[in-house]
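Listed here are the chains, written in short residue letters.
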Amino acid sequence: MIEFNHVYKNYDKNYILRDLNFTVNKGEFIFITGPSGAGKTTTLKMLIAMEKPTHGAVKFMGTELNDIKKSEIPFLRRKIGFVFQDFKLLPKRTVFQNVALGLEVSGVFGDVITKNVSELLKAVELYTKKDEYPLSLSGGEQQRVAIARALVQNPQVLLADEPTGNLDEETSKIIINIIKSFNNKGTTVMLATHDKHLIADTGRARVIDITKA
Ligand SMILES: Nc1ncnc2c1ncn2[C@@H]1O[C@H](COP(=O)(O)OP(=O)(O)O)[C@@H](O)[C@H]1O
Ligand SMILES: [Mg+2]
């Protein structure tokens, strides 16, 4: 479903990624790991066409993302949920409105929005906080809103960038279990983390270490 073939990436003179090669199959749970600065965020961003490889090819479901047309990018992003490292929640919209946003942009309205958003908020155990604003929530709760927002369009793939970054161990476990539960229902997951402990705790996941790329 996802393929990186001889991917190189540089922003300035220095290559961040050199000859990165991997494939991900439908339904897998993948950890992208490596120290800070290794290129984890860059690797995930290439999958939603926010960055392009300098050389090599990135493929998603048969589409070569190097030559994706601008007009096709929104369709690509509907198939891929992205949880940003810093959440990117909108402070002036409620929890419900933040999660609903992606659906509204896709032209979904009314009852379908209410149904889908409510379902997701229940799945991340935040339904009771649906009318609150992001800044009144804890870090773990904001992270769960970001996950709900990424998943509300029922994407085939969830990309999560350091989703346990600023969270304590207990809260991290809750987040990982939520992501695992969606993976168990069929969503392919790629989770970027520099935290070795997190990986040790998770059973049947596959680890792709990009340090050596
Ligand atoms: N837009 C950019 N312009 C210039 N340098 C960047 C940009 N994005 C990332 N970098 C640099 O590329 C390297 C890899 O970044 P990143 O992909 O964020 O790594 P990671 O997520 O593993 O910490 C870092 O040294 C970072 O400073
Ligand atoms: Mg990063």
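Structural data are supplied above this passage.
Anyway, here's the lowdown on the structure attached to this text. Here the structure is a predicted model, which means the values were calculated and not measured. (Residues numbered from 1 in each chain as written. Chains lettered and ligands numbered in written order. Predicted model: local features only at pLDDT ≥ 70, side-chain atom pairs only at ≥ 80, totals over all residues. Heavy atoms only, no water.)

Considering the site of ligand 1
Here comes step 1: Taken together, the residues surrounding ligand 1 are Y11, I16, P35, S36, G37, A38, G39, K40, T41 and T42.
Here comes step 2: Between ligand 1 and G39, the relevant distance is 2.9 Å, taken from an oxygen atom to a main-chain nitrogen or oxygen of the residue.
Here comes step 3: For ligand 1, the accessible surface in isolation is 570 Å², of which the surrounding protein chains cover 55%.
Here comes step 4: Broken down by element, the residue count for the shell around ligand 1 peaks at three residues, all from helix α1 (residues 40–47). (Near = heavy atom within 4 Å. Polar contact = N/O pair within 3.5 Å; in protein donor to acceptor, adjacent residues only side chain to side chain. Areas by Shrake-Rupley, 256 points an atom, 1.4 Å probe, with all protein chains shown as cover. Helix = DSSP H or I, 4+ residues; strand = E, 2+ residues; numbered from the N terminus.)

Remarks on the nonpolar core
Here comes step 1: Grouped together as the largest cluster of nonpolar side chains are 37 residues, with contacts concentrated most on V117, L121, I179 and L191.
Here comes step 2: When contributions to this core are tallied by element, the ones reaching two or more residues are β3 (29–33), α3 (95–105), α4 (111–123), α5 (139–151), β7 (157–161), α6 (169–184), β8 (188–193) and α7 (196–200).
Here comes step 3: Of the residues forming this core, the biggest block, six residues, is contributed by α5.
Here comes step 4: With sequence-adjacent residues up to four places away left out, L191 is seen in contact with F29, I30, F31, I32, A160, P163, I176, I179 and L198.
Here comes step 5: The next biggest cluster of nonpolar side chains, apart from the first, holds 30 residues, and it includes V7, I30, F60 and I80. (Core = buried A, V, L, I, M, F, W, Y, C linked by side-chain atoms within 4.5 Å. Buried < 20%, exposed > 50% of the residue type's maximum accessible area, 1.4 Å probe, protein only. Contact = heavy atoms within 4.5 Å.)

Examining the sheet that holds strand β9 (residues 206–209)
Here comes step 1: The five strands lie next to each other as β6-β7-β8-β3-β9, forming an open sheet whose pairing is parallel. On the outer flanks of this sheet lie β6 (80–83) and β9, each paired with one strand and no other. Within this sheet the neighbouring strands show an average axis-to-axis angle of 20 degrees, counted without direction.
Here comes step 2: Along the sheet face, α5 touches β6 and β7 and points at about 165 degrees away from the line of β6.
Here comes step 3: α6 contacts β3, β7 and β8 of the sheet and is inclined by roughly 155 degrees relative to β8. (Pairing = 2+ DSSP bridges. Axes fitted to C-alpha atoms, helices over the stretch in contact; angles between N-to-C directions.)

Things to note about the environment of I2
Here comes step 1: Following the sequence through the fold, I2 ends up in strand β1 (residues 2–10).
Here comes step 2: Not counting residues up to four positions away in its chain, the partners in contact with I2 are F22, T23, V24, L47, K59, F60, V157 and M190.

Here we look at the packing of α3 against α5
The geometry of a pair of packed helices is captured by two quantities: the angle between their axes and the separation between those axes.
Here comes step 1: Contact pair α3 / α5: the axes reach a minimum separation of 7 Å and the direction vectors enclose 30 degrees. In terms of their interaxial angle, α3 and α5 are classed as roughly parallel. When the axes of α3 and α5 are compared, the crossing they make is right-handed. Residues V95, N98 and V99 of α3 form the contact with α5, whose participating residues are V145, A148 and R149.
Here comes step 2: Along the lines of polarity and charge, the residues of the contact of α3 with α5 split into four nonpolar, one polar and one charged. (Parallel < 35°, antiparallel > 145°, perpendicular 65-115°, else oblique. Left-handed = near helix turned anticlockwise from the far one by under 90°. Nonpolar A, V, L, I, M, F, W, Y, C, P; charged D, E, K, R; others polar.)

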